[in-house]
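Structural features, examined
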Amino acid sequence: DSGVTQTPKHLITATGQRVTLRCSPRSGDLSVYWYQQSLDQGLQFLIQYYNGEERAKGNILERFSAQQFPDLHSELNLSSLELGDSALYFCASSVALARGETQYFGPGTRLLVL
Amino acid sequence: AQSVTQLDSHVSVSEGTPVLLRCNYSSSYSPSLFWYVQHPNKGLQLLLKYTSAATLVKGINGFEAEFKKSETSFHLTKPSAHMSDAAEYFCVVSDHLGGTYKYIFGTGTRLKVLA
């Protein structure tokens, strides 16, 4: 158990809908990262937050947004969902932003868009 | 930009035989490198990491990796495979990006362990 929690574990929804994925980092970790894992794209970095502020963006679509709240939990919002958004979404956390910092991953949320 | 290349998408070994999962990296400076394991329907778990200390890094579950700058490699090894080692393994490099660091993942190597 990494100490990172994600809810829900599974989510089934329809095209065009909007969903929110939630992540609670390990106690004491200030940085949160979101990743998407799919069969065709592999593991893709989406976005990073540090202590409430956005710090880096990766391959995140404009239909997706995220935020980190004062209690450091984070939410990833996915809107106007398409079939291709079906994937496993991981959240990770780390203490800080140093070069060799270890990221600890949650169990993921599996999203299925029908 | 930094990158990692995992040279094998699938590796099969017999239980009790050595494991070798290959990873080459590309970096303009001294990299931080990691190996993660993902068991089916699970999150990623850190096996080990290299951050410019000892070049031979020991990790959990008997795994180790050697950083070889001359070969730009960071191969993962284990002397004797166990059935529970069957999983997907990811080599990762930490890349500097606009004042912060992010992970760049390899494409993964799926390890199969035969009884």
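See the structure shown above.
Residues numbered from 1 in each chain as written. Chains lettered and ligands numbered in written order. Predicted model: local features only at pLDDT ≥ 70, side-chain atom pairs only at ≥ 80, totals over all residues. Heavy atoms only, no water.

Along the backbone of chain B there are zero helices and twelve strands. Counting from the amino terminus, chain B carries its helices and strands in the arrangement β-β-β-β-β-β-β-β-β-β-β-β. Its C-alpha radius of gyration of 14 Å places chain B within 12% of the 13 Å reference for a compact globule of 115 residues. The 115 residues of chain B split such that 46% are buried. Across chain B, contacts joining residues at least 24 apart in sequence account for 56% of those joining residues at least 6 apart. (Helix = DSSP H or I, 4+ residues; strand = E, 2+ residues; numbered from the N terminus. Rg over C-alpha atoms; globule rule 2.2 N^0.38 Å. Buried < 20%, exposed > 50% of the residue type's maximum accessible area, 1.4 Å probe, protein only. Contact = heavy atoms within 4.5 Å.)

All names here are of chain A. Judged by pairing direction, the sheet is antiparallel, and its four strands sit side by side in the order β1-β3-β8-β7 without closing on themselves. Strands at the two margins of the open sheet, each flanked by one partner only, are β1 (5-7) and β7 (64-68). Taken over all neighbouring pairs, the strand axes of this sheet differ in orientation by 15° on average, direction set aside. Pairing of strand β3 (residues 19-24) with strand β8 (residues 74-78), which is carried by five bridges, proceeds in the antiparallel orientation. Of the residues in β8, the one forming a bridge with Arg-22 is Glu-75. (Pairing = 2+ DSSP bridges. Axes fitted to C-alpha atoms, helices over the stretch in contact; angles between N-to-C directions.)

For the rest of this paragraph, the subject is the pattern of salt bridges. Residues and elements named next belong to chain A. Per the stated rule, a full pass over the model turns up eight salt bridges over all chains. The salt bridge partner of Arg-26 is Asp-29, with a shortest N-O separation of 2.8 Å. Residue classification places Arg-26 among the partly exposed residues on the basis of a relative accessible area of 22%. Here Arg-63 ties to Glu-82 by a salt bridge, and the two come within 3.7 Å at their closest N and O atoms. With Arg-63 in the loop between β6 (53-57) and β7 and Glu-82 in the loop between β8 and β9 (87-94), this residue pair connects regions lying 19 residues apart in the sequence. Look at Glu-82 and you get partly exposed, because its relative accessible area is 44%. Salt bridges here are not isolated pairs; linked through shared partners, they connect Arg-63, Glu-82 and Asp-85. (Salt bridge = Lys/Arg side-chain N within 4 Å of Asp/Glu carboxyl O.)

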